[in-house]
Amino acid sequence: MSGLDLDAKGAGRALPMAADGGAPSPAEPGLEGAAVDCHGDARELVGDGSGNPALAALMDDYPRGPHEQPQGMCPAFGSLRVGLRMRRTATVLSGSACCVYGLTFTSHFYGARRTVGYVPFNSESLVTGALFEDIKQAMHDLADPEQYDAIVMTNLCIPTASGVPLDLLPDQINGVRIVGIDVPGFGVPTHAEAKDVLSGAVLRRARLEAEQGPVARPRTLIEDRPTVTLLGELFPADPMGIDALLSPMGLAVGATVPSREWRELYAALDCAVGAAVHPFYVRSVRELETAGRPIVGSGPVGVEGTTRWLEQVGAAAGIAADRVGAAVDRARTAVAKALEAAPLERRIQVSGYEGSELLVARVLVEAGAEVPYVGSALPKTKWSAEDADWLAARGTHVQFRASLEQDIEAFKATDPDLVIGTTPTVQAGKEAGVPALYFTNLVSARPIFGPAGAGSLGPVLRGAMQGRERLSRMRRFFEGVGEGHAAGYGFDHVPQKKLSARERNARARGGRAVTGADSSKRDTNATINTRERIRQSAGAKGSFKVPGPDATTAVEEG
């Protein structure tokens, strides 16, 4: 089992599971002081995770990079997004209240109109195993087959580090599937990889169900031709564009992962080829490979990328060479025309944390751009190796697990005409007078595959680069604003307490803050009645008269 007790040096010790297979045995006191969260070096605290199988698996599948904590958003943002977009699926979190509060922003931001469940804990419930029982009870309370096909239960940092065993939850309750995942900030480096954590978990459950017997029919099952499953969260128009490229070979896009409904997972598994368009979906790839499906990396980007990808997909699906050749010729012509109509003969830097950075860079290079640097927060995998080699052969430095500091230093060294990157990279670029675009909202949220991708990026990027002179004028106008002493926040010295007038007077009198009558006779009793308060006030220094009984009565009645 389960709980993980952390000693003063951070060594992990596995604790035995209760003999009845129920709640974890109590941990030794001290876990609540371990500071295990995404702001601490928690991977150092738990070592290699050998005492915690879930954490050890995360470390194997998602290797860490040069920075130990996420430099982007909380990774659970990614898995929560995937769960909220699935129909008839409930999402529940267990973690620090502040984290859960922030993550619920996701549901509102994306208009999911769904409640995010929360199982709270405290030090006692965490170390005694009561949290596991609370989670289990929450699953029973929520499992309504009239409303849900599945419930996704997510452990955040502290429950994961302490070893709350979600694998001991029932597989199903009242016919509702229970899927438990661990998404700690120190175990999953990026939110993009967290999407694979959930996608891989639900694919695995769907595969096991399909192996046991008949399953629900997908809404849009394609039965007249072989299909290709796309791995990666794509712009909505991209699957349609890829389908048009595959059509001459007698293939079709069958499903995309992450899926929008449980039954679509069966269609994703029932494919001829899996396409790791986002090459870091390692757990999803594993499930397709276990189901016997071949995997193809990269994607149909640019002329060369489209040609190579179609050839690989055709070979993996066993399509005749003449049909593959016809599809390639048709696609090459269309993509070449789109690139010719949208040239980009400028120097552009690309970085981001979505996982499609290398694919975007390939499109830009084929459009005529010089791309000296590509930074991706994702790791290098066998499915991204071909893209990395292609870019390196054309003079591009590809940095996997890139940090913010590396992205910023890169544009300072290469002086590009345009910086495409994350929000802080874009901010640094604009402050330096370099036009910059946010990768996620302005590049990733557009088609990048086939003719549509070749033609969609050019106008946006050219428009941004044309604004360099305007950006320079703005810099000159606001020169000095927000810098140094005018930064508007923070201190360059130890903050000093600002004294009130009373405190300044007291300091001038040698520390005595009381004036007038003897301080020993001052009113310090908050419960004193009104009559006595008035008499004290009337007798104080500076009073111009002593109120009579009528005044006292009037005050009391008021």
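Everything numeric here is computed off the predicted structure, so don't read it as measured data. (Residues numbered from 1 in each chain as written. Predicted model: local features only at pLDDT ≥ 70, side-chain atom pairs only at ≥ 80, totals over all residues. Heavy atoms only, no water.)

## What about the overall build of the protein chain?
In step 1: Broken down by element type, the protein chain carries 23 helices and 16 strands.
In step 2: Looking at the protein chain as a whole, 49% of its 558 residues qualify as buried.
In step 3: Long-range contacts, defined here as pairs at least 24 residues apart, represent 70% of the contacts in the protein chain between residues at least 6 apart.
In step 4: Within the structure as shown, the protein chain displays about 27000 Å² of accessible surface, and the carbon and sulfur contribution to it stands at 51%. (Helix = DSSP H or I, 4+ residues; strand = E, 2+ residues; numbered from the N terminus. Buried < 20%, exposed > 50% of the residue type's maximum accessible area, 1.4 Å probe, protein only. Contact = heavy atoms within 4.5 Å. Areas by Shrake-Rupley, 256 points an atom, 1.4 Å probe, with all protein chains shown as cover.)

## Overview of the packing of aromatic side chains
In step 1: Taken as a whole and assessed by the stated rule, the structure comprises one aromatic pair.
In step 2: Each ring, one from Phe280 and one from Tyr281, has its centre 5.1 Å from the other, and the planes form 45°; the classification is tilted. Assigned by exposure class, Phe280 and Tyr281 land together as buried.
In step 3: Positioned over the ring face of Trp390 is Arg362, at 4.3 Å from the centre of the ring.
In step 4: The aromatic ring of Trp390 is capped on one face by Arg394, whose charged end is 3.9 Å from the ring centroid. (Phe/Tyr/Trp six-rings, centres within 6.5 Å; stacked < 30°, edge-to-face > 60°. Lys NZ or Arg CZ within 6 Å of the ring centre and 35° of its normal.)

## Some points on the sheet that holds strand β5 (residues 150-155)
In step 1: Ordered by their spatial adjacency, five strands build an open sheet running β4-β3-β5-β7-β6, and the pairing between neighbours is mixed. Here the strands that pair on one side only, and so sit at the sheet edges, are β4 (116-118) and β6 (172-173).
In step 2: Looking at chain direction, β6 and strand β7 (residues 176-182) are connected through two bridges and run antiparallel. Each residue of the ladder has a partner; that of Gln172, found in β7, is Arg177.
In step 3: Running at roughly 170° to β4, helix α4 (residues 97-109) makes contact with β3 (89-94) and β4 of the sheet. (Pairing = 2+ DSSP bridges. Axes fitted to C-alpha atoms, helices over the stretch in contact; angles between N-to-C directions.)

## Some words on the layout of surface pockets
In step 1: Size it by volume and the largest pocket reaches roughly 1100 Å³.
In step 2: Arg81, Arg85, Glu233, Leu234 and Arg260 are, among the 42 residues lining the largest pocket, the residues nearest its centre.
In step 3: Of all the elements in the fold, those that place two or more residues in the lining of the largest pocket are α3 (76-84), α4, α8 (191-212), β9 (252-257), α10 (262-269) and α18 (439-442).
In step 4: Counting residues per element, the lining of the largest pocket draws most heavily on α4, at five residues.
In step 5: Quantified by volume, the second largest pocket comes out at close to 890 Å³.
In step 6: Together, 31 residues line the second largest pocket, and Ala54, Leu166, Asp167, Gly180 and Asp182 are the ones closest to its centre.
In step 7: When residues of the lining of the second largest pocket are traced back to their parent elements, those giving at least two are α2 (53-61), β7, α8 and α11 (282-290).
In step 8: Of all the elements, α8 adds the most residues to the lining of the second largest pocket, at six residues. (1 Å grid on protein atoms, 1.4 Å probe; cavity = no way out; pocket = protein on both sides within 12 Å on 5 of 7 lines; lining within 4 Å. Points joined across faces, edges and corners; volume = space filled by probe spheres on them.)

## Details of the nonpolar core
In step 1: Judged by nonpolar contacts, the single largest core of 57 residues is most densely connected at Leu246, Met249, Ile348, Leu364, Ile420 and Leu461.
In step 2: Once residues lying within four places of it in the same chain are set aside, the contact partners of Met249 are Leu310, Val313, Gly314, Ile319, Arg323, Val324 and Ala327.
In step 3: If you look at the next biggest cluster of nonpolar residues, it comprises 48 residues, including Ala76, Val197, Trp262 and Ala268. (Core = buried A, V, L, I, M, F, W, Y, C linked by side-chain atoms within 4.5 Å.)

## Regarding the sheet that holds β9
In step 1: Strands sit in the order β9-β8-β10-β11 across an open sheet of four strands; the sheet is parallel. In this open sheet, the two edge strands, each paired with only one partner strand, are β9 and β11 (295-297). Ignoring strand direction, the axes of neighbouring strands in this sheet form an average angle of 30°.
In step 2: Alignment of strand β10 (residues 273-276) against β11, held across three bridges, turns out to be parallel. Of the residues in β11, the one forming a bridge with Gly274 is Ile295.
In step 3: Where helix α9 (residues 237-246) meets the sheet, its contacts fall on β8 (227-231) and β9, and the angle it forms with β9 comes to roughly 150°.
In step 4: Strands β8, β10 and β11 of the sheet are contacted by helix α12 (residues 302-317), whose axis makes an angle of about 175° with β11.

## Examining unusual backbone geometry
In step 1: Here Val257 and Pro258 are connected by a cis peptide whose omega angle stands at 10°.
In step 2: If you trace the backbone, Pro258 turns up in the loop between β9 and α10.
In step 3: Phi at Arg88 is positive, roughly 55°, even though this residue is not glycine.
In step 4: Structurally, the position occupied by Arg88 is in the loop between α3 and β3.
In step 5: Looking at Arg88, the relative accessible area reads 31%, which means it is partly exposed.

Treat this as a map of the structure, not an account of what it does.
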